[in-house]
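Understanding the architecture of this molecule
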Amino acid sequence: MPRPIPLLRVDGPLMVFGGPYSNLEATRAVLGEAARLEIPADRIICTGDVVAYGADPAATVALVRGSVRHVVMGNCEQSIAAGFADCGCGFPVGSTCERLSAAWFAHATRELNADARAWMADLPRRINIEIGGYRLAVIHGGVDIMNRFIFASTVTAIKFKEIRKTALDGVIAGHCGLPFTQAINGQLWHNAGAIGTPANDGTPRVWFSLLRAEADGIAIEHRALHYDFATAAAKIRGAGLPEEYAASLETGLWPSCDVLPSKEVHERGAALEPGSAFWSRPLRSEKASRRRRSPVCTQLWPRDDCVQLGTSPT
């Protein structure tokens, strides 16, 4: 019998973040922000991949376990818990990303004990939430394919099909590492971005989001977070992990764009600006009209005026 999908009813602001990636300093910073904003552990959701590129897999797992009530299983948790040979991130065969990931995966596998692996194995693949009368599915990548990369530029029809699989009002997802919010035929697709690595925008900041129910919809804040990236980078070097990972924390640029669609490659190094979006469910008449034509994507954040052109792709 399939495992029941956990249901979280949210009665206040909800913090969402993805990809702690074994970055203890960034994880401490985002949880410190939750404390400052008086957001309790049961109103924090992590979209998975607690462990990845950074130097502190065991300490990061322990911190998340003790401070975050709701964590979705990412492909990294799935792979480590099951004893797979690699992280299962979906990187192209022979790519730079695949080559580099072998080092952190071996490091994490050595560092994590049986208790941590058992916690990973028990994480849900999906959490449903109710907020302000709306129902959203929290997943890692895709509904059925955990490591599916879905970006802002991903074909609208793909997102529409994924949302329809949930039978809910929208999706909160992770995995791709880049924050964005869109309305797909009036339904929500939201990605808070990753805490453990920058958004490939040429700054060392990392990203999380806040969702708040309002009278006629959901207000979504995309927030940038400054943290002690220098210490996190020094730890990567001290652990003998790839220099590319340490440099990425300092420069704000990913070591490779292997997984990125052309639009996201072109936007590499363009600094994101914190901002907000507002999403509300379409009227019934609008839903009926939209069912009769191809799905339409409306970009809610980042908008054109939220991006400052920076470093060109290399």
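If you're wondering where the values come from, they're calculated on a predicted model, not measured in any experiment.

Before going further, it helps to spend a moment on the sheet that holds strand S14 (residues 297-301). Through backbone hydrogen bonds, the strands of a sheet pair up, either in parallel or in antiparallel fashion. Judged by pairing direction, the sheet is mixed, and its seven strands sit side by side in the order S1-S5-S6-S7-S9-S8-S14 without closing on themselves. Looking along the sheet, the strands with just one partner apiece sit at the ends: strand S1 (7-10) and S14. For this sheet the average axis-to-axis angle between neighbouring strands, irrespective of direction, equals 20 degrees. Judged from the four bridges that link them, S1 and strand S5 (residues 127-131) form a sheet pairing that is parallel.

Turning to the nonpolar core, a few remarks are in order. Core analysis: the largest hydrophobic core is formed by 91 residues, its most contacted members being Met15, Phe17, Val51, Trp104, Ile129 and Leu211. With near-sequence residues (within four places) excluded, Val51 lies in contact with Tyr21, Ser22, Pro57, Val61, Cys76, Glu77, Ile80, Trp104, Ala108, Leu112 and Met120.

Turning to the packing of aromatic side chains, a few remarks are in order. The geometry of two aromatic rings is summed up by the distance between their centres and the angle between their planes. A complete count under the given rule lists nine aromatic pairs for this structure. Plain terms: the ring middles of Tyr21 and Tyr53 are 4.9 Å apart, the flat faces sit at 70 degrees to each other, and that makes the pair edge-to-face. Within this pair, whereas Tyr21 is found in the loop between strand S2 (14-17) and helix H1 (24-36), its partner Tyr53 is found in the loop between strand S3 (44-46) and helix H2 (57-67), the two being separated by 32 residues in sequence. Look at Tyr21 and you get buried, because its relative accessible area is 6%. An angle of 50 degrees between the planes, with centres 5.6 Å apart, marks the rings of Trp207 and Trp301 as tilted. A residue pair is termed long-range when its members are at least 10 positions apart, and Trp207 in strand S10 (residues 206-214) and Trp301 in strand S14 qualify at 94 residues.

Going residue by residue along strand S7 (residues 170-173), you find Gly170 and Ile172 tucked away on one face and Val171 and Ala173 tucked away on the opposite face as well. As paired strands, S7 and strand S9 (residues 187-191) are joined by four bridges and run parallel to one another. Its bridge partner lying in S9, Ala173 is registered against Asn191.

With nine bridges joining them, S10 and strand S11 (residues 217-225) adopt antiparallel strand pairing. Each residue of the ladder has a partner; that of Leu211, found in S11, is Ile220. Two successive antiparallel strands, S10 and S11, enclose a turn made up of two residues. Sheet topology places S11 next to strand S13 (residues 275-279); five bridges connect them, and they run antiparallel. Paired with Ile218 across the two strands is Trp279, which belongs to S13.

The sheet built from six strands is open, its strands ordered S4-S3-S2-S10-S11-S13 with mixed pairing. Two strands close off the open sheet at either side, each with one partner strand: strand S4 (70-71) and S13. Packed on one face of the sheet, H1 meets S2, S3, S10 and S11 and runs near 135 degrees to S11.

By the secondary structure assignment, Glu243 is in helix H8 (residues 243-251). Residue Glu243 is classed as partly exposed on the basis of its relative accessible area, which comes to 41%.

Bringing the environment of Ala157 into the picture now. Of note, Ala157 is situated in helix H6 (residues 156-166). For Ala157, a relative accessible area of 31% puts it in the partly exposed group. Spatially, the C-alpha atom of Ala157 lies 34 Å from that of Ala26, the residues being 131 residues apart in sequence.

As a further point, take the pattern of salt bridges. Tallied over the full model, the rule gives 17 salt bridges. We note a salt bridge from Lys165 to Asp144, for which the minimum N-O separation is 3.2 Å. Taken as a pair, Lys165 in helix H6 and Asp144 in the loop between strand S6 (134-138) and H6 lie far apart in primary sequence, 21 residues in all. Taking relative accessible area as the criterion, Asp144 reaches 58% and is therefore assigned exposed.

The α-helix advances 3.6 residues per turn, and as a result positions three or four apart in sequence lie on the same side. Between its first and last C-alpha, helix H4 (residues 96-111) extends 24 Å over 16 residues, near the 22 Å set by a 1.5 Å rise per residue. Approximately 25 degrees is the largest bend angle found in H4, and it occurs at Ala102. Turning to H4, its buried residues number three or more, namely Cys97, Leu100, Ser101, Trp104, Phe105, His107 and Ala108. Packing partners of the buried residues in H4 comprise H2, helix H3 (75-82) and H8.

Rules used throughout
- Residues numbered from 1 in each chain as written.
- Predicted model: local features only at pLDDT ≥ 70, side-chain atom pairs only at ≥ 80, totals over all residues.
- Heavy atoms only, no water.
- Pairing = 2+ DSSP bridges.
- Helix = DSSP H or I, 4+ residues; strand = E, 2+ residues; numbered from the N terminus.
- Axes fitted to C-alpha atoms, helices over the stretch in contact; angles between N-to-C directions.
- Core = buried A, V, L, I, M, F, W, Y, C linked by side-chain atoms within 4.5 Å.
- Buried < 20%, exposed > 50% of the residue type's maximum accessible area, 1.4 Å probe, protein only.
- Contact = heavy atoms within 4.5 Å.
- Phe/Tyr/Trp six-rings, centres within 6.5 Å; stacked < 30°, edge-to-face > 60°.
- Salt bridge = Lys/Arg side-chain N within 4 Å of Asp/Glu carboxyl O.
- Expected span 1.5 Å × (residues − 1).
- Bend = angle between axes of the 7 residues up to and from the residue.

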